[in-house]
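Letter by letter, the chains look like this.
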Amino acid sequence: MADRDPVPLPAEVRARLAELELELSEGDITQKGYEKKRSKLIGAFFPQAPGMDPSTGQERRTPVTPSSSSRYHRRRSSGSRDERYRSDVHTEAVQAALAKHKERKMAVPMPSKRRSLVVQTSMDAYTPPDTSSGSEGEGPGDADGEEGGDGEEEDGGGGGGGGTSREGSISMEHWINRAIHGTSSTTTTTSSTASSSSSSTRSGGSGAAGGRLADVLAQHVHISAHHHNRHHHHHHHHHRKTENHSAPPDVTGYTNNTAADDIQVERAPGAGTAAQRQTPKYGNAELMETGDGVPVSSRVSAKIQQLVNTLKRPKRPPLREFFVDDFEELLEVQQPDPNQPKAEGAQMVLLRGEQLGVVTNWPPSLEAALQRWGTISPKAPCLTTMDNNGKPLYVLTYGKLWSRSVKVAYNLLHKLGTKQEPLVRPGDRVALVFPNNDPAAFMTAFYGCLLAEVVPVPIEVPLTRKDAGSQQIGFLLGSCGVTVALTSDACHKGLPKSPTGEIPQFKGWPKVLWFVTESKHLSKPPRDWFPHIKDANQDTAYIEYKTCKDGSVLGVTVMRIAMLTHCQALTQSCSYTEAETIVNVLDFKKDVGLWHAVLTSVMNMMHVISIPYALMKVNPLSWIQKVCQNKAKVACVKSRDMHWALVAHREQRDISLSSLRMLVVADGSNPWSISSCDAFLNVFQTKGLKPEVICPCASSPEALTVALRRPVEEGSDPPGRGVLSMQGLSHGVIRVDSEEKLSVLTLQDVGSVMPGGMMCVVKPEGVPQLCKTDEIGELCVCTVATGTSYYGLAGMTKNTFEVFPVSNTGAPIGEFPFTRTGLLGFIGPAGLIFVAGKMDGLMVVGGRQHNADDIVATALAVEPMKFVYRGRIAVFSITVLHDERIVVVAEQRPDSTEEDSFQWMSRVLQAIDGIHQVGVYCLALVPSNTLPKTPLGGIHLSETKQLFLEGALHPCNVLMCPHTCVTNLPKPRQKQPEIGPASVMVGNLVSGKRIAQASGRDLAQIEDNDQFLFLSEVLQWRAQTTPDHVLYTLLNSRGTIASSLTCVQLHKRAEKIAGMLAERAHLQDGDHVALVYPPGIDLIVAFYGCLYAGCVPITVRPPHPQNIATTLPTVKMIVEVSRSVCVMTTQLICKLLRSKEASAAVDVRTWPPVLDTDDLPKKKPPLLYKPSNPDTLAYMDFSVSTTGMLAGVKMSHTATSAFCRSIKLQCELYPSREVAICLDPYCGLGFVLWCLCSVYSGHQSILIPPAELEVNPALWLSVVSQYKVRDTFCSYSVMELCTKGLGLQTELLKSRGLDLSRVRTCVVVAEERPRIALTQSFSKLFKDLGLHPRAVSTSFGCRVNLAICLQPHRLGKLADQGTSGPDPTTVFVDMRALRHDRVRLVERGSPHSLPLMESGKILPGVRIIIANPETKGPMGESHLGEIWVHSGHNASGYFTVYGDEALQSDHFNSRLSFGDTQTVWARTGYLGFLRRTELTDASGERHDALYVVGALEEAMELRGMRYHPIDIETSVIRTHKSITECAVFTWTNLLVVVVELDGSEHEALDLVPLVTNVVLEEHYLIVGVVVVVDIGVIPINSRGEKQRMHLRDGFLADQLDPIYVAYNM
C-alpha cells in the first residue's frame, strides 16, 4: 500500500459516496449500514492491501522505505485542520505553552455526569464536510468542511524522525476517504494514538512556513533546513523524561534519523519538524487526595478538595485601584500595567493610491457595458455554470444575458400590479432569492433590476421558516420596504409550502410576492420598448446585507457611481482585459464574489466559470481542474478552498496552474489565511503555480475592496511578512517579535490602497484620531467606491460612512469623509497594508484586546487536533460583572469520550492562558453538527451566543473558570469596630439614628377567663358555663364535617384519657407523654387529657406510611430526646409503629409503652390533677430547624396562658368568632392556634388538615367562603398549593360562588423571612374572588418565642389612608448594603433592590430590640442585627437537647453589653431591623414595623460579607425556566448551588453558565460547584422550609444522584 498511489475514483462513485455521507448525517442509515455500503462501493477499485485485515479495516504496521515516505509526505502535505487557522509556528507555540504548564501539574476535577447524559452525546452521526469554525457567520467562519483534523494529523514530524516509519500505519480506509473528498473517516489511526498526536511544528513541508519559523527562532538569520531539524530534536528532548506516558510507547523512534534528514534536504527548502512528545493526562488521574496527601473516601469531597487545591494556586497579580459602584461597594477596576508597551511612533501619514486612470473605452455605466457586449458580441460566453458532477451545465452568452435582463426589467415595471398602480416603480427595493448553484438566474435578475432602475437586495434562500438569522434578514426586507421577491423556478419549487400550496410568511418577514424570473414565465417586451440606459449616477444600485456581531442585519447601500468606480478600480488593480477567463468559487451574491464575477466581469466582457458550493463538497479539486481545463487567468477563492484542495490533492499529473496570473484570496484579511497560502504554494509550485500569483485582498461590506495585492512581475521581491508579538497587539501596539517568544502572530500584507483611494488608520473607539505608525487601529478609506449608508439608519451611517479623521492637534485632516472598514490593522513599510483582525471579532478583556480569530487558532492548535469536529469552534465574549468574558464553544467529534473532552478542555485553557495571557470564562462542547449554521455552513456566531445566554445551547460538556478569570470582585470586607457605650452616652449613635427597639401594646384589662392561670381550669370553666358551645370542627377533603367538639365533649373525653393514663400507664405528675396523632380532634383531646393527668404532652408528627424509612427515625428521636415515658396514638398508627417496615427503620423493641386511645375506658378518673405552681411545665414544643437541629423548648403554664391572652387581644377573638386554620398542629404557633386558643378564647376553630389539600386544593378557600370566616391562618406550603393548583381555575371557582370578600386577615404562620413573591401572587390571583389585597400578612415566631408578630394592621384603620397607595408594610432595601449589615432603603425597581415585607404586628406584651450578635450592643435603626425579644410568653429554655448550659443562658437569658443592661432578653437567632412607619396605632403611637431578613445560622459569611441563601436562590431560580427550586450552602469557603431541573436532562449543562453568571452579576460571588438534580431532591420540612444542611450532607456523602455536577475553576 505504501508504494502505490491511490487510484482516483470515478466521478459517479464519488457522487454516490457523497450521497451516502449525506444519508448518514441526516440519520437515514445507521453507521453500520453506511460502512457496509461504502466498503462495497469502494471494494471494486482497491486491491486488498498487504497490511490490512479485510474484515475490520484496521491496519497492521508495515515497514516503509524512506523514499516512499517522502513522496507520501509531500502528497498529504498539509494538516487537515481548518486551514485558515493553521500555522505551524503557532502549533509549535501552543505545544510549548502547554509544556510550560505541565511543570506545574494542574488538576482539574472532572465533572460528574449521569450515565444517560454521557450516552446522548456520542450518538450524533458523522456528516459530510459542509461546516466550519468561525468567529463570525460567513466571513472567516466558513472553512466549510475541513475535517478539523479528523484523525489526520498522524504525521508528527515534517518528514523528520517521525515521518518515516509511519506511512503504513495510515489505515487504508482513511486514505480512500481522502481520495474521495478530503473528509477522513472516523477510524483513528494507531500512530496518532502512539504519538498522542502531539506534533510540535508540523510544518507540513511548507517551505515558507519553515522559513518563517526559522525567522522567529534565529532572529531573521536563515538556518538551513538540515540544522533546523536537529535544533528541534534537542530543543524538546528534555521534556520527554518527565512526562507520564498516557499513550502507548512511541515506537516510531529516531531510527531513520539520518535518512529522514537527507530526504528533508532533497525535498522542500526549510521544512521544520517535531520531536514527538507525550502529553500529560489531566483530569483526576493524579491528585485524588487531599491537600496534605491523605486519600479521601467520598468521590464528591475529593473533587471539591481538588478544586480547593487548584484554587490555592497563585492567581494573577492582585489589583490595587477600585472604582466606587454606586456607593461603598468596591469593584476592582483593572489598572494599566506601567510596563505595558505603548505606541511610540510618529503620527501616521495619509496613504494615497495611484490615480484611477479612466481609460477611453471604459463604459459610462454597467448597463451600458452589458448593452455594448450584448449587441457587439452576443455569442461571447459570459458565464458557465457547473452541475454537481463538475460537468458544464449551461453557458450564458452576453447576448442571452442582455435579452433576458431586458425581459426581466420590462416585466418588473409593467406586469406587476395594474397599469395605474404598478407594484414596482424605479427606485423600489426588491429581494433576490437565488440558490448558490444558479448564478445565471441571479445574474439575469440582478441586471434586470439595474435596467429597470429597481434596487436589488440579494439575500440567502430561507430554508425553513425559522432559519438561523433569516428572521433578521426579514427585518431588513421590512425596513427596505420590499414587497416583491425574485427567484428561480427550481428555488420557488423548493421553498416550504402550506397545504394549500402557498409559500408561508417566514418568521419576521414582510408579506412578499414571489416572482419567478425564468424567461418562459415572462411576457416579451413590445418592439418599441427599450430600457433607459443612463450614465452612472448617485442613485442606489443595490443593497448588500451585512450581519453584525449581535446578529442584527444591516443593508449597505451602494450607489451606481460607486459600483462603476469600484469595477474600474478592480479592473485597474487586477489588469483585467477583455475575454479573460476567471474561475469563481465564492458566493456571487455578495462581497468579492459579486464584485469580480458579476459586476467587473461584465464591464470587461470576461468569461466566468462558476463553481457551486455543492460541487466543492463532492470534489474539492474541481476549481483547480477548471482552471487547468480552461487555461483560466484568474481565480477567486477563499483560504478554505485552497485548504480543501490540499487535503484532497492527489498526484494528478495532468494538473497545471501555469495559466493563472492571479489567485485572489478573498479572506486574505484573516490573519490565519497566510498558512493556507503558504501551504498551497508549496504543493502547487511544482504544478506551475508562480509565487507572485497569490493575491490576498481585504474587503468589507461598507468599504467594498479595501486593498488588494497586485500580481507583480516574476522575480521581484517576495511580499512582506510581519511577525508580531501578540502581547503587543493586545495593547494595540505593533512590536516585531524578535525574541523566541511563543505568542506571535504572522501577518501577510494585503497589498496597497485601491486606485483613486486614500487610506488612514484611526483609533477604533471614540474620536477618530489618527494612529501612530506603530499602533493598531481601524482602517478607514476615502474613495467614491464605497457604500454610502446603512439603509434607513442615519445615526449609524454617520458614524461609519461619514468619518472625519483628526490629527493629534484635533484638526480634521481633510474635507472629505472617510468610511470605516471594520478592519483592524496598520500600514507597514512601502505602503503595504496589514490586517490583524476584524472589529467584530474584537474582545476587550481587562483592558486588553484579543481577537476571536486568534483564540480560535490557538484552540485548534491544541492536541489532539482531531478532537474538534471539522474545526468548528465559536469564540465570543459576554459581559459579566462589568467586563467582557471569553466563551469558547466547540463541536466535539461524535466518538470522543468524556476523558478525551475533559483533557482537551484543560489543555485549551492552558494554551490560551499561555499564549494570550487571558483566561477563558467558559468552555463548552456541543455534539457535532449542533451549532447554528450560516447559509454557507459556517457557524452563526450571534445565534450561538444567543442560545448560550438563553440556556438553549445544550452542551455535552462545560467547564467554567470564573475563579481564574474574574479579577474585579469587590474587596473582601474588614469588619468595623461597633459603636461602644461612649457613643451611646454622648448620644451620637450612628449619625443620630435612634436605637432600634419597639414593643406591642400592654396586656391590659383582665376578663373573666383571664383570672385562670391554667388552661385545664379554663376548659373546666367553659364545660360548666357553656357546655354545648362548639369549640372545634374538623373537615375532611370533601369539605364536610368529619367531627366536632363542644366544651363539654372535650372535657369528658379528656377526663377519660386522664383516667386511662393513670390506670394503664401508672404515670406520675410531670411525666412526659408523646402524642403521635394525625391533625385532628384526637390530638386536642389527648393534649387536655395529659393536662388533666398532670403529665407534660409533646406533640409529634406521625410517620408517613409511604415513607417510613425517613420519617419514623425522627419520631423515635423526639420520643427519646424528650424522655417520654409513654406514647399515645390511634390504633392505625399503633400498628404502623410495630410493622415490618418500621422494624427495618428503627429498633421497635425500645419503644416506651404505646397506648391506643381509640377505645377509652368508660369510667372517670377519681380526681383531676390540680396544678399548683404556674411555672411548672405545661407542654414541650419540639421542632427540627432548617439546619437540621432538633430543639425542644419548655413552655410553662404562665407562658402558655400569657401567649393565648396575647393572641386573643391581638386577633380580637371571642366566643362568637369563627377562625379557619389550615396548619400542621405539631409545633410553634400552628400548634397553639390548633389546640390552645379556642379553649382560652372560646371561639370556634374550623380545622382543615393541610394534607387534605393535596386531594382537593380548593378545600381551604371554599371552607373560608362557605363559613364566611373573617380570620384564617395557613402555612406557606398551603398558599403555594393554592397558587399552583388553582391558578387556572379562578373563573370556575367564581362561578361556584366562592367569595373571599369577608376575609379580614389571612395570616401565614412561619419562622422565616416573609415570602413576598408568594404572598403577592396569591393576593393577585384571588383578588377576583374578593380577597382584599391587604388581607394577607405573615407572622413571625422562633424557638425562644413561638410568636413575636402576628396580624396586620386592621383594614378599617387603613381605609382613610386610601387603599390605592402601595402596601405600607413593604420596603425595598439595597442588597449590597445588607451584606455589610447595613439597611439602606431604595426605590422600588432600583438595581440590587430587595423587597422585604413586614412580619406582622408585634404582639401585646412583647418588647423587641435589635442587637449586634457578636458584641451584644444595641444597634441603630439603620443597621441589621439580631432580633432580641422580652415577653411573658418566651419559652423557659431548651429541653436537654444540647445539654449545654452556656448555650441555654445565652439564648434565653441574654443581657445587652451596654445601654439597658438590666432587662433579660431571649435571642431569636434571626437577623432583622426595625423601621418607624408613618402609620399610627389605635393609641395614636407611630407604628414600628419589624422586618425579618433571615436566620443567623443559615447566613453565609463569604468574602467577609453576610449572604442569605434565599437571595442567591431567588436570583438563580429566575435565570432559566427549567429551574424549579434551588438551594445553596457553603463548603470550605466554596459556594455550592443545587438546582432542581424540570426538563430534559440535556438542559442540565445549560444551567451551569447561567447560574454562575447570575450569582456573579447580582451577588459578586463566584460559584464553586453547580449541582443539577431531579425535582424533589432538595429536602423541604413540614413548614415548607428548605433543609439546606441535610442537602449538604447528602451531597458530600454522594447520595443525591445528581444529573450533573460542575466544578468551576
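Structure: see above.
Position labels on residues start from 1 in each chain and follow its written sequence. Where local features are concerned, this predicted model is filtered to residues with pLDDT of at least 70; where side-chain atom pairs are given and counted, the filter is 80 or more; whole-chain, interface and lining totals use all residues. Water and hydrogen atoms were dropped before computing side-chain values, which therefore reflect all heavy atoms in the structure.

If you had to explain the overall build of the protein to someone new, which residues and values would you point to?
Counting its regular elements, the protein contains 48 helices and 58 strands. Between buried and exposed lies partly exposed: a residue is buried under 20% and exposed over 50% of the maximum accessible area for its type, with that area taken using a 1.4 Å probe on protein chains only. Evaluated residue by residue, the protein yields a buried proportion of 63% over its 1609 residues. For the protein, the accessible area works out to roughly 58900 Å², and carbon and sulfur atoms hold 54% of it. Here a helix means four or more residues in a row that DSSP labels H or I, a strand means two or more in a row labelled E, and each is numbered from the N terminus. The accessible surface values rely on the Shrake-Rupley method and a 1.4 Å probe; as for residues, cover is taken only from the protein chains in view.

Now, about the nonpolar core: what can you tell me, with residues and values included?
To qualify as a nonpolar core, a set must consist of buried Ala, Val, Leu, Ile, Met, Phe, Trp, Tyr and Cys residues joined through side-chain atoms within 4.5 Å. Core analysis: the largest hydrophobic core is formed by 91 residues, its most contacted members being L1050, L1061, Y1088, M1128, I1207, L1236 and F1273. Per element, the largest residue contribution to this core is eleven residues, and it comes from helix α32 (residues 1081-1093). Two residues form a contact once any of their heavy atoms are found within 4.5 Å. Those residues within four positions of M1128 in sequence are excluded, and the remaining contacts are I1057, L1061, V1073, A1074, L1075, V1076, Y1077, A1086, C1090, L1155 and T1157. Listed in part, the 78 residues of the second largest apolar core include W373, F442, V592 and C695.

Kindly report on helix α40 (residues 1276-1286), identifying the contributing residues and their values.
Those residues of α40 not exposed but buried are Y1276, V1278, M1279, C1282, T1283 and L1286. Angular distribution of buried residues about the axis of α40 spans 165 degrees; they occupy a single face of the element. Along the arc lie the directions from the helix axis toward the C-beta atoms.

Outline the sheet that holds strand β45 (residues 1305-1308), listing residues and values.
Taken together, seven strands build an open sheet; the order of strands is β35-β34-β43-β42-β44-β45-β46 and the sheet is mixed. Where the open sheet ends on each side, the last strands, each with one partner, are β35 (1041-1046) and β46 (1336-1338). Within the sheet, the average angular offset between the axes of one strand and its neighbour, ignoring direction, is 20 degrees. We treat two strands as partners when DSSP finds at least two bridges between them. Across four bridges, the pairing between strand β44 (residues 1271-1274) and β45 is parallel. Each axis is a line fitted through C-alpha atoms, taken for helices only over the stretch in contact, and angles between the N-to-C directions span 0 to 180 degrees.

An account of the sheet that holds strand β16 (residues 662-665) is needed here, citing residue identities and associated values.
Read across the open sheet, the nine strands follow the order β6-β5-β14-β13-β15-β16-β17-β18-β21; overall the sheet is mixed. Of all strands in the sheet, those bounded by a partner on one side alone are β6 (392-397) and β21 (752-753). Both strand β17 (residues 694-700) and strand β18 (residues 704-708) contribute to a ladder of four bridges, which runs antiparallel. Residue pairing in the sheet places S699 in a bridge with T705 of β18. Helix-sheet contacts for helix α13 (residues 398-414) involve β5 (381-386) and β6, and the interaxial angle to β6 is about 70 degrees. With respect to the sheet, helix α18 (residues 591-603) is in contact with β13 (581-584), β14 (607-610), β15 (634-637), β16, β17 and β18, its orientation differing from that of β17 by roughly 105 degrees.

Would you mind going over the pattern of salt bridges in detail, with residue names and values included?
Salt bridges are counted wherever a side-chain nitrogen of Lys or Arg sits within 4 Å of a carboxyl oxygen of Asp or Glu. Applying the stated criterion across every chain yields a total of 44 salt bridges. Across the pair R1315 and E1312 runs a salt bridge, and its minimum N-O distance is 3.1 Å. On the basis of relative accessible area, R1315 is assigned to the partly exposed category, the value being 21%. The salt bridge partner of E1513 is R1588, with a shortest N-O separation of 2.7 Å. In this pair, E1513 is assigned in helix α46 (residues 1509-1518) and R1588 in helix α48 (residues 1588-1596), connecting sequence segments 75 residues apart. Neither E1513 nor R1588 differs from the other in exposure class; each is buried. Here the salt bridges share partners, and the residues they tie into one network are E1498, E1513, E1525, K1586 and R1588.

Pulling in residues and values, what's your account of the packing of aromatic side chains?
Note on aromatic contacts: the rings of Phe and Tyr and the six-membered ring of Trp form a pair at centre separations within 6.5 Å, being stacked when their planes are under 30 degrees apart, edge-to-face when over 60 apart, and tilted otherwise. Under the defined criterion, the tally for this structure stands at 26 aromatic pairs. When the centroid spacing of 6.0 Å and the interplanar angle of 75 degrees are considered together, the rings of F446 and Y447 count as edge-to-face. The exposure class assigned to F446 is buried, which follows from its relative accessible area of 0%. One aromatic cluster is present, formed by F434, F442, F446, Y447, Y542 and F588 through successive ring pairs. Here, a charge over a ring is recorded when the distance from Lys NZ or Arg CZ to the ring centre is within 6 Å and its angle to the ring normal is within 35 degrees. Cation over ring: R372 sits above W373, and NZ or CZ is 5.2 Å from the ring centre. It is R640 that lies over the ring of W644; its NZ or CZ is 6.0 Å from the centre.

Which residues make up unusual backbone geometry, and what values do they have?
Notably, S575 is not glycine yet its phi reads approximately 50 degrees, a positive angle. A positive phi angle, near 50 degrees, is found at Q917, a position not held by glycine.

Requested: an account of the packing of helix α30 (residues 1015-1025) against α32, with residues and values cited.
For the pair α30 and α32, interaxial distance at closest approach is 9 Å and the crossing angle is 110 degrees. On the basis of the axis angle, α30 is roughly perpendicular to α32. Note on element contacts: α32 touches α30 through Y1088, L1091 and Y1092, opposite L1015, S1016, L1019 and Q1020. Class assignment of the residues belonging to the contact of α30 with α32 gives a composition of five nonpolar, two polar and no charged. Here is the rule for angles: anything less than 35 degrees is roughly parallel, anything more than 145 is roughly antiparallel, 65 through 115 is roughly perpendicular, and the remaining ranges are oblique. Only Asp, Glu, Lys and Arg are considered charged, only Ala, Val, Leu, Ile, Met, Phe, Trp, Tyr, Cys and Pro nonpolar, and every remaining residue, Gly among them, polar.

I'd like a description of the environment of Y398, backed by residues and values.
You can see Y398 is positioned in helix α13. The class for Y398 is buried, based on a relative accessible area of 0%. The residues contacting Y398, other than those within four sequence positions of it, are L370, W373, G374, S377, P378, A380, P381, C382, S601, V602, M605 and M606. Think of a polar contact as two N or O atoms within 3.5 Å of one another; within protein, one of them needs to be a possible hydrogen donor and the other a possible acceptor, and neighboring residues in sequence only count if both atoms come from side chains. One polar contact links the side chain of Y398 to the main-chain carbonyl oxygen of M606, over a distance of 2.7 Å.

Describe the packing of helix α36 (residues 1197-1211) against helix α37 (residues 1228-1241), naming the residues involved and giving the relevant values.
Between α36 and α37, the shortest axis-to-axis distance is 10 Å and the interhelical angle comes to 80 degrees. In terms of their interaxial angle, α36 and α37 are classed as roughly perpendicular. Two secondary-structure elements touch here, α36 through T1200, S1201, F1203, C1204, R1205, I1207 and K1208 and α37 through L1229, V1232, L1233, L1236, C1237, Y1240 and S1241. Looking at the contact of α36 with α37 residue by residue, the classes come out as nine nonpolar, three polar and two charged.

Tell me about the pairing of strand β27 (residues 842-845), and name the residues and values.
Summarising the sheet, β27 and strand β28 (residues 848-851) pair through four bridges and their orientation is antiparallel. Residue pairing for β28: L842 is matched across the bridge by N851.

Quick rundown of a positive patch on the surface? Include the residues and the values.
Together, K32, K36, K37 and K40 make up a positively charged patch on the protein surface. With respect to the secondary-structure elements, K36 resides in helix α2 (residues 31-43). The residues that make up patches have over 30% relative accessible area and no salt bridge, and they are joined within 9 Å when like-charged or within 5 Å when they are Val, Leu, Ile, Met, Phe, Trp or Tyr. Only four residue types enter the charge count: Lys and Arg as positive, Asp and Glu as negative, with His and the chain ends excluded. Each charge is placed at NZ for Lys, CZ for Arg, CG for Asp and CD for Glu.

With reference to specific residues and values, describe the environment of V888.
Here V888 shows up in strand β30 (residues 883-892). A relative accessible area of 0% means that V888 is categorised as buried. C-alpha separation for the pair V888 and F876, spaced twelve residues apart in sequence, amounts to 6.8 Å. Discounting residues that sit within four places of it in the chain, V888 has contacts with I855, I873, A874, V875, I912, V920, C922, L923 and A924.

Quick one: what's the story with the side chain of H1520, residue by residue and with numbers?
With respect to the helices, strands and loops of the structure, H1520 is situated in the loop between α46 and β55 (1523-1531). Among the residues examined, H1520 registers a relative accessible area of 5% and is labelled buried. At 3.0 Å, the side chain of H1520 forms a polar contact with the backbone nitrogen of S1522.

Before we move on, can you summarise the side chain of S1016 with the specific residues and values?
Among the structural elements, S1016 can be located in helix α30. What makes S1016 buried here is its relative accessible area of 2%. Those residues in contact with S1016 that lie beyond four places of it in its chain are L1091, Y1092 and P1171.

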